[in-house]
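Listed below are the residues making up each chain.
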Amino acid sequence: MSAIRLDNVEKTFSVGDGELHALGPVSFSIEPGERLAIVGPSGCGKSTLLRIIAGLEEASAGTVTVDGRAVTGPLAGAGIVFQRDLLLDWRSIIDNVMLPTEFRRNAGSGSRTRARALLDELGVGEFAERSPWELSGGMRQRVAIARALMCRPAMLLLDEPFSALDALTRDQMNVVLQRVQTAEKVTTLLITHSIQEAVFLSDRVLVMSSRPGRILDEIEVPFPQPRRLAVREDPAFAEIARRIRLHFERTGVLVE
Ligand SMILES: Nc1ncnc2c1ncn2[C@@H]1O[C@H](COP(=O)(O)OP(=O)(O)O)[C@@H](O)[C@H]1O
Ligand SMILES: [Mg+2]
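Quick caveat, the model's predicted, so the values are computed rather than measured.

Honestly, unusual backbone geometry in this entry has me stumped. Any pointers?
Comment: phi is negative for the bulk of residues other than glycine, and the bulk of peptide bonds are trans. The residue after Gly-24, namely Pro-25, is reached through a cis peptide bond having omega 10 degrees. With respect to the helices and strands, Pro-25 occurs in strand 2 (residues 18-30). The phi torsion at Asp-67 lies on the positive side, around 50 degrees, for a residue other than glycine. The partly exposed category is assigned to Asp-67, whose relative accessible area is 39%. The backbone of Arg-152 sits at a positive phi, close to 50 degrees, despite the residue not being glycine. Structurally, Arg-152 can be placed in the loop between helix 4 (137-149) and strand 7 (155-159). Looking at Arg-152, the relative accessible area reads 59%, which means it is exposed.

Structural data, given as structure tokens:
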């Protein structure tokens, strides 16, 4: 059974006295343990798609199922990371990571140990007792990932988590994310507008059209994991990136 399955999902927003067709129809599925990346131009409906999967937004048409069950409200079993880290400045780093346990019964006394282990795995263990405002953007985003993984979610939903970071920090975050994904064996949906990031971090890439976002192409990424950043210089990697870029050139999203 697929971990996530979408059938002809569409979204239309009411704006003023008109309607805005933001997304779809889109159909695809994600298998348990798979790492899927979706790459698409700004405004094509990527965040809307992720919010629908997470149960934070209702589809106007079509169905979404997670582990075979229809999504009807916010998913308890999903860890979500947004572009903005949404850390609470008045809480220590470790208390931010522990936050999701406070909404659950039976959180267990092991949770502080778990939070520490995740912070260590993400390379920010030394900041556990510090405050979010003392950390750089990349360090804060590591904490946001730890928080999303805290309750051992069945899936991780990432909405352009590194878009606000500089290029070097972003590269570093790609390596860090890949490491923690392997350790946690979590099914992942990564939304990004970076072609390189999509290919580096996934087993499969879906390419989306401009609004209303539809799936233009689906590409398997064959490189074994974990990958080194140098894989990006492999001709086969460059060929996949080129294939994605051509879709954007053909549809006028990228113009040279
Ligand atoms: N709540 C909303 N009401 C009206 N329009 C919206 C709403 N949310 C998103 N949109 C519009 O839907 C389109 C897709 O938005 P979004 O999913 O955020 O795109 P992306 O994440 O790919 O940049 C955009 O044109 C956006 O302005
Ligand atoms: Mg978005």
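This is not the end of the story, as more comes after the structure.
Explain the pairing of strand 10 (residues 215-220) to me, please; I cannot follow it from the model alone.
Along a regular strand, successive side chains alternate from one face of the sheet to the other. As paired strands, strand 9 (residues 204-208) and strand 10 are joined by five bridges and run antiparallel to one another. Residue pairing for strand 10: Val-205 is matched across the bridge by Ile-219. What sits between the antiparallel neighbours strand 9 and strand 10 is a turn of six residues.

Teacher, can you tell me more about the sheet that holds strand 7 here?
Within a sheet, adjacent strands bond to each other through the backbone by hydrogen bonds, running parallel or antiparallel. Taken in spatial order, the six strands line up as 6-7-8-3-9-10 in an open sheet, and their pairing is mixed. The outermost strands of the open sheet, each flanked by one partner alone, are strand 6 (78-81) and strand 10. Taken over all neighbouring pairs, the strand axes of this sheet differ in orientation by 15 degrees on average, direction set aside. Packed onto the sheet, helix 4 meets strand 6 and strand 7 and runs at close to 165 degrees relative to strand 6. Contacting strand 3 (35-39), strand 9 and strand 10, helix 7 (residues 235-250) runs over the sheet at an angle of about 175 degrees to strand 10.

Help me out: how do you make sense of the site of ligand 1 in this one?
Taken together, 13 residues surround ligand 1, and among them Gly-43, Lys-46, Ser-47, Thr-48 and Arg-211 come closest. Here Thr-48 contributes a side-chain N or O atom positioned 2.6 Å from an oxygen atom of ligand 1. Arg-211 places a side-chain nitrogen or oxygen 3.0 Å from an oxygen atom of ligand 1. Among the elements of the structure, strand 1 (4-15), strand 2 and helix 1 (46-53) are those that each provide at least two residues to the shell around ligand 1. Considering each element in turn, the shell around ligand 1 owes the most residues, three residues, to helix 1. When grouped by side-chain class, the residues that make up the shell around ligand 1 number six nonpolar, five polar and two charged.

Can you help me understand the pairing of strand 1 in this one?
Two strands pair when backbone bridges link them, and strand 1 and strand 2 are joined in this way by nine bridges, in the antiparallel orientation. Paired with Val-15 across the two strands is Gly-18, which belongs to strand 2. As paired elements, strand 1 and strand 4 (residues 61-66) share five bridges and run antiparallel to each other. Across the sheet, the residue bridging to Leu-6 is Val-64, located in strand 4.

Whenever I open this one, the pattern of salt bridges confuses me. Can you help?
Enumeration over the complete set of coordinates arrives at 17 salt bridges. Ionic pairing is found between Arg-116 and Glu-129, a salt bridge with its closest N-O pair at 2.8 Å. Taken as a pair, Arg-116 in helix 3 (residues 111-121) and Glu-129 in the loop between helix 3 and helix 4 lie far apart in primary sequence, 13 residues in all. On the accessibility criterion, Arg-116 (37% relative accessible area) is partly exposed. The residue Arg-243 makes a salt bridge to Asp-217 at a minimum N-O spacing of 2.9 Å. Note that Arg-243 is positioned in helix 7 and Asp-217 in strand 10, a separation of 26 residues in sequence. A residue is classified by how much of its surface remains accessible, and Arg-243, at 37% relative accessible area, is partly exposed. By sharing partners, the salt bridges in this structure join Asp-95, Arg-112, Arg-116 and Glu-129 into a single network.

Reading guide: rules and limits
Position numbers for residues start from 1 in each chain and track the written sequence from start to end. Just so you know, chain letters begin at A and ligand numbers begin at 1, following the order they were written in. Per-residue local features of the predicted model are confined to residues with pLDDT of at least 70, and side-chain atom pairs are confined, for both listing and counting, to 80 or more; whole-chain, interface and lining totals are unaffected and use all residues. Each side-chain value is worked out from all heavy atoms of the structure, with water and hydrogens disregarded. Numbering of helices and strands starts at the N terminus; helices are DSSP runs of H or I of at least 4 residues and strands are runs of E of at least 2. Each residue is placed in one exposure class: buried if its accessible area under a 1.4 Å probe, protein chains only, is under 20% of its type's maximum, exposed if it is over 50%, and partly exposed if it falls in between. In this description, strands pair whenever DSSP reports at least two bridges between them. Axes here mean lines fitted to C-alpha atoms, for a helix over just the part in contact, with angles spanning 0 to 180 degrees between N-to-C directions. Whether two residues touch is decided by their heavy atoms; if any such pair falls within 4.5 Å, the residues are in contact. The rule for a residue being near a molecule or strand is that one of its heavy atoms must lie within 4 Å of it. Residues adjacent in sequence count toward polar contacts only when both atoms are side-chain atoms; beyond that, a polar contact is any pair of N or O atoms within 3.5 Å, and within protein one must be able to donate a hydrogen and the other to accept it. For this classification, the nonpolar set comprises Ala, Val, Leu, Ile, Met, Phe, Trp, Tyr, Cys and Pro, the charged set comprises Asp, Glu, Lys and Arg, and every other residue, Gly included, is treated as polar. Salt bridge, as used here: a side-chain nitrogen of Lys or Arg that lies within 4 Å of a carboxyl oxygen of Asp or Glu.

Scope: geometric values only; no functional claims are made or implied.
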